[in-house]
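Listed here are the chains, written in short residue letters.
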Amino acid sequence: METEYKNVEVVNRKSSFKCKDLVLRFLALALTLVAAVVLGVDKQTKTVALTLVPSLPPVDLPVTAKTAQMSAFVYLVIANAIACSYAATSLVLILATRGANKLVSLILIILDLVMVALLFSAIGATGAVGIIGYQGNSHVQWDKVCNVFDKFCHQVAIATFMSFAGSITYLLLIVLAVLTLHKKC
Amino acid sequence: MASYDTTSSPPAAAEEPLKRSAPPPEYNGGFSPVVDVALRVLLFATTLVAIIVMVTSKQTKLIPLAPGLAIPLPAKFQHAPAFIYLVAALSVTSLYTIVTCVLSALALMTPGGCSTKLQFHFLMFDALLLGIVAAATGAAGGVAYIGLKGNSHTGWNKICNTYDSFCFHTAASVLLSLISSITLLLLVWLSISVLYKKTARR
């Protein structure tokens, strides 16, 4: 009787882990999707007074800032798109196998880790370029652009934070999976 | 599904105290502790070389400001926050690797092998450091790419045509930190596969 009770508890704990796993995967899917969309549609046009010839008065020209102009931002969009599609695929796989297939869960842990590395490197690249855009770099005469394109910069920052939260979710997924493995040991 | 669990878990729970007293049949990973130590040594070497290459990257060049007037301007890694972050992250990884390398080697020498708890902690910290090193590599790579190609849309000029040796050092450092993050990835994969095999044997 006592052992039976124990077993029920073990089963409950296992299913709660699976439930957390599903919730975290769904969260990762949502966060990376939002990050990819927010950065993907990021575009701002402003009229900037440019002095083309020093003797003439400055001319007002419309200047557009787009995501596609900066390679680091394109990398973040692509990385988030990959992580998002992977989250969807893994959700389908888990629901299809009901989490009982051990090989599938091992492959999912391994791919989760790859997603952590991919997302973190993209966040690093975007963050570094974004800081240069925000503060400029006086040593190499790279001027800041965020005083002009304020909305564009805010959107980049939001996308970076969303993506960061998504990668933390993937990290938590790994912790959860390893905890489950560790408890079985 | 529930029946599967009820049949598999009680023997494991019952065997728990018994196994502590008699460890011989336990799976201790075969080759994997040796591979683990080797990967950690490789990780230490790559991070250390990457730090040294980055720190010694200073280059001074005469920059012509006006005709007949040229002043020496240095390019240092401290000028970009991304490179400072790379050096800091690699230093943390390097120090961490020394500690874990010693612990891993000690575990290799003791007959019982690495305890599961130690492996678990290694795994968590390895995964965390993987994130930190990957972010640092991405940051330095992103800035170095702008330095190499420039960006015409924001008016950021390329600097690698002027500071060639500085850029070469930076590229080498980024490449080495990429290798070290791949090594960390392999380390975590190795630990996970060992844990997985341990559970599969039950």
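Residues numbered from 1 in each chain as written. Chains lettered and ligands numbered in written order. Predicted model: local features only at pLDDT ≥ 70, side-chain atom pairs only at ≥ 80, totals over all residues. Heavy atoms only, no water.

Draft legend 1. How the structure looks around the interface of chain A and chain B. The partner chain B presents 45 residues to the 40 residues of chain A that form the contact. Both sides together, the interface formed by chain A and chain B hides about 3900 Å², and carbon and sulfur atoms give 78% of it. At the boundary of chain A with chain B, the tally comes to zero salt bridges. Linking chain A to chain B there are five residue pairs in polar contact (both at pLDDT 80 or more). If you tally residues by element for the side of chain A that touches chain B, the top one is helix 3 (residues 102-135) of chain A, at 17 residues. Of the residues assigned to the side of chain A that touches chain B, the class counts are 25 nonpolar, 10 polar and five charged. (Contact = heavy atoms within 4.5 Å. Buried area = accessible area lost by both parts, 1.4 Å probe. Salt bridge = Lys/Arg side-chain N within 4 Å of Asp/Glu carboxyl O. Polar contact = N/O pair within 3.5 Å; in protein donor to acceptor, adjacent residues only side chain to side chain. Helix = DSSP H or I, 4+ residues; strand = E, 2+ residues; numbered from the N terminus. Nonpolar A, V, L, I, M, F, W, Y, C, P; charged D, E, K, R; others polar.)

Draft legend 2. Representation of the packing of helix 2 (residues 32-55) of chain B against helix 3 (residues 81-109) of chain B within the structure. Residue and element names in this part refer to chain B. The interhelical angle for the contact between helix 2 and helix 3, taken along N-to-C directions, is 155°, at an axis separation of 8 Å. By the angle between their directions, the pair helix 2 and helix 3 is classed as roughly antiparallel. Viewed along their axes, helix 2 and helix 3 form a crossing whose handedness is left-handed. Tallied by class, residues from the contact of helix 2 with helix 3 come to 20 nonpolar, seven polar and two charged. (Axes fitted to C-alpha atoms, helices over the stretch in contact; angles between N-to-C directions. Parallel < 35°, antiparallel > 145°, perpendicular 65-115°, else oblique. Left-handed = near helix turned anticlockwise from the far one by under 90°.)

Draft legend 3. Spotlight on the side chain of Arg-40 of chain B. Residues and elements named next belong to chain B. Note on placement: Arg-40 falls in helix 2. In terms of polar contacts, Arg-40 uses its side chain to reach the side chain of Asp-126, at 3.1 Å. Those residues in contact with Arg-40 that sit more than four places away from it in its chain are Tyr-96, Thr-97, Thr-100, Cys-101, Ser-104, Phe-122, Asp-126 and Leu-187.

Draft legend 4. Here's a closer look at the confidence of the model for chain B. Residue and element names in this part refer to chain B. Across chain B, the average pLDDT comes to 81, with 82% of residues at 70 or higher. Here residues 1-26 is a poorly scored stretch, pLDDT under 50, and it has 11 contacts once near neighbours within four places are set aside; other chains count. Our summary of model confidence lists the complex with pTM equal to 0.82 and ipTM equal to 0.83. (pLDDT = per-residue confidence, 0-100.)

Draft legend 5. Geometry of the state of the cysteines. Throughout the structure, instances matching the rule amount to two disulfides over all chains. Each sulfur of the disulfide joining Cys-146 of chain A and Cys-153 of chain A lies 1.9 Å from the other. Every disulfide takes its handedness from the sign of the S-S torsion; for Cys-146 of chain A and Cys-153 of chain A that torsion is -80°, giving left-handed. Exposure class is identical for Cys-146 of chain A and Cys-153 of chain A. Each is buried. There is a disulfide in this structure between Cys-160 of chain B and Cys-167 of chain B, and the S-S distance comes to 1.9 Å. A torsion of -80° about the S-S bond marks the disulfide between Cys-160 of chain B and Cys-167 of chain B as left-handed. Here Cys-160 of chain B falls in the buried class, since its relative accessible area comes to 14%. Look at Cys-167 of chain B and you get buried, because its relative accessible area is 15%. (Disulfide = S-S within 2.5 Å. Buried < 20%, exposed > 50% of the residue type's maximum accessible area, 1.4 Å probe, protein only.)

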